[in-house]
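Structural features, examined
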Amino acid sequence: MISYGRQWIDEEDIKAVVEVLKSDFITQGPKVKEFEEKLAKYCGAKYCVVFNSGTSALLGAYFACGISEGDEVITTPITFVATTNMLLVLGARPVFADVEEDTGNIDPNSIEDLITEKTKAIVPVHYGGHPVDLEVIRSIANRYELKVIEDACHALGAKYKGSKIGSCKYSDATVFSFHPVKHITTGEGGAVLTNDEEIYKKLLLFRNHGINRDKFVNKSEGPWYYEVQMVGFNFRLTDIQASLGISQLRKLDRFINKRRYIASFYAENLKSNPFFYIPEEKNYAFHSYHLYPIRLKDSVVRWKREIVKSLLNKGVGVQVHYIPVYRHPFYRELGYNNVNCPKAEDFYKRVFTLPIHPSLKEEELNFILEALHRVFEELEV
Ligand SMILES: *Cc1c(COP(=O)(O)O)cnc(C)c1O
């Protein structure tokens, strides 16, 4: 089976990890800081705090931005459930805006009607690696004094109007994931980037039990002294993982180039097909192609289940990203029965994603094209 996404690990990565394994610190050593500095520099942000997953990074970002019990947060239903689960953990309520029919991104035009007294933040997700229209979202947020937290787990290496996603030029914080299907991997891992020193300090405390070792409320009682100043977890990334991250980061631009090459290969070969729409880049976007989502046209949309099944049978690991979050039983139970997102429903009805990752070979790409060709031929529409 050709998987929809997978890691690229080479000898340089393996060497970097082995070096840390032989060193004094396999966690809480110097590699974490080095990885953070390099990530911040790559993205063009002031601060970076790495976490042990994208999910814990999201929770940290939400917490550090002050989201708490009773707050409402406007986000998209076309995302991985972690985006909204972490809001629920804090006692906040996700409010689902509708999406753009082409990009699948949150539709900035559907946000303002959802804002209430309780709204605290907007959480856009750069679906598939195509940036949302951040400038528009920031200006709405400014008008209502809301925070903007980017779930950029799909979008490391992407750019919006020339600035890297993660620069936080239009947001208070940006979250990445280093799961193996994402642009770079640390096995599990994540990061929050920000330009706000307060948020940065809260992230550090939140990651490490709320423990502060240098700025005290009370008087220091001796060299052993530290203080717990807020609730916190152990959400630390290890030095083993950070060294893999540093090594992967060196290859990131190559990975993005390969993903963009695959996207242009698909586009070249599929642009005139009568059965489905292929993704495009808006004029403000530099796409990092975490996913390659295609959307079935009216004539074949009723065959989605058969098409996906048949591609899987042929060994092409297509996937559906995503079931709209509010459709899950847990969310239904919470009262999300009557969410009005017709475009998200329509997007879900049509979409599935083709394999795209840097280790795909030319013959695999041709195999995928051939399989697509046969599947639609067999439909005899
Ligand atoms: C991958 C992902 C996450 C969670 O990241 P993990 O590292 O798997 O915890 C959150 N949001 C989105 C949109 C993702 O794709």
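Reading the values: rules and limits
Residues numbered from 1 in each chain as written. Predicted model: local features only at pLDDT ≥ 70, side-chain atom pairs only at ≥ 80, totals over all residues. Heavy atoms only, no water. Salt bridge = Lys/Arg side-chain N within 4 Å of Asp/Glu carboxyl O. Helix = DSSP H or I, 4+ residues; strand = E, 2+ residues; numbered from the N terminus. Buried < 20%, exposed > 50% of the residue type's maximum accessible area, 1.4 Å probe, protein only. Pairing = 2+ DSSP bridges. Axes fitted to C-alpha atoms, helices over the stretch in contact; angles between N-to-C directions. Near = heavy atom within 4 Å. Polar contact = N/O pair within 3.5 Å; in protein donor to acceptor, adjacent residues only side chain to side chain. Areas by Shrake-Rupley, 256 points an atom, 1.4 Å probe, with all protein chains shown as cover. Right-handed = clockwise from strand over helix to strand, strands pointing away.

Remarks on the pattern of salt bridges
Two side chains bearing opposite charge may form a pair once their charged atoms approach each other closely. Taken as a whole, this structure holds 19 salt bridges when the rule is applied. In this structure, the salt-bridge partner of aspartate 10 is lysine 251, at a minimum N-O distance of 3.0 Å. Pair noted here: aspartate 10 is in the segment before helix 1 (11-21) and lysine 251 is in the loop between helix 7 (239-249) and helix 8 (252-270), with a separation of 241 residues, a long-range link. The buried category is assigned to lysine 251, whose relative accessible area is 0%. Of the charged contacts, one joins glutamate 12 and lysine 251 as a salt bridge, the two residues approaching to 2.7 Å between their closest N and O atoms. Placement of glutamate 12 in helix 1 and of lysine 251 in the loop between helix 7 and helix 8 is noted, with a sequence separation of 239 residues between them. Exposure remark for glutamate 12: the relative accessible area of 34% places this residue in the partly exposed category. Counted as one network, the salt bridges with shared partners bring together Asp10, Glu12, Asp13, Arg250 and Lys251.

A look at the sheet that holds strand 5 (residues 147-151)
Neighbouring strands of a sheet are bound in pairs by backbone hydrogen bonds; such pairs are parallel or else antiparallel. Pairing is mixed in the open sheet, where seven strands are placed in the order 1-9-8-5-4-2-3. Looking at which strands have only one partner, the edges of the open sheet turn out to be strand 1 (47-51) and strand 3 (93-96). Direction aside, the axes of adjacent strands within the sheet are offset by 25° on average. One ladder, built from four bridges, connects strand 2 (residues 72-75) with strand 3; its direction is parallel. Residue pairing for strand 3: glutamate 72 is matched across the bridge by arginine 93.

What to know about the site of the ligand
Taken together, 16 residues lie around the ligand, and Gly54, Thr55, His154, Ser177 and Lys182 are the ones closest in. Within the side chain of serine 177, an N or O atom sits 2.7 Å from an oxygen atom of the ligand. Within the complex, 92% of the 380 Å² of free accessible area of the ligand lies under protein. Listed by contribution, the elements that provide at least two residues to the shell around the ligand are helix 3 (54-64) and helix 4 (82-89).

Topic: the sheet that holds strand 13 (residues 285-286)
Taken together, the three strands give an open sheet; going across it, the order is 7-6-13, and neighbouring strands pair in antiparallel fashion. The open sheet is flanked by strand 7 (163-164) and strand 13, the only strands paired with a single partner. Pairing between strand 6 (residues 159-160) and strand 13: two bridges, direction antiparallel. Among the inter-strand pairings, lysine 159 is bridged to a residue of strand 13, identified as phenylalanine 286.

Things to note about the pairing of strand 2
A regular strand carries its side chains on alternate faces of the sheet. Here strand 2 shows two buried faces, one formed by Glu72 and Ile74 and the other by Val73 and Thr75. Tracing the backbone out of strand 2, into helix 4 and back to the parallel element strand 3 gives a crossover that is right-handed.

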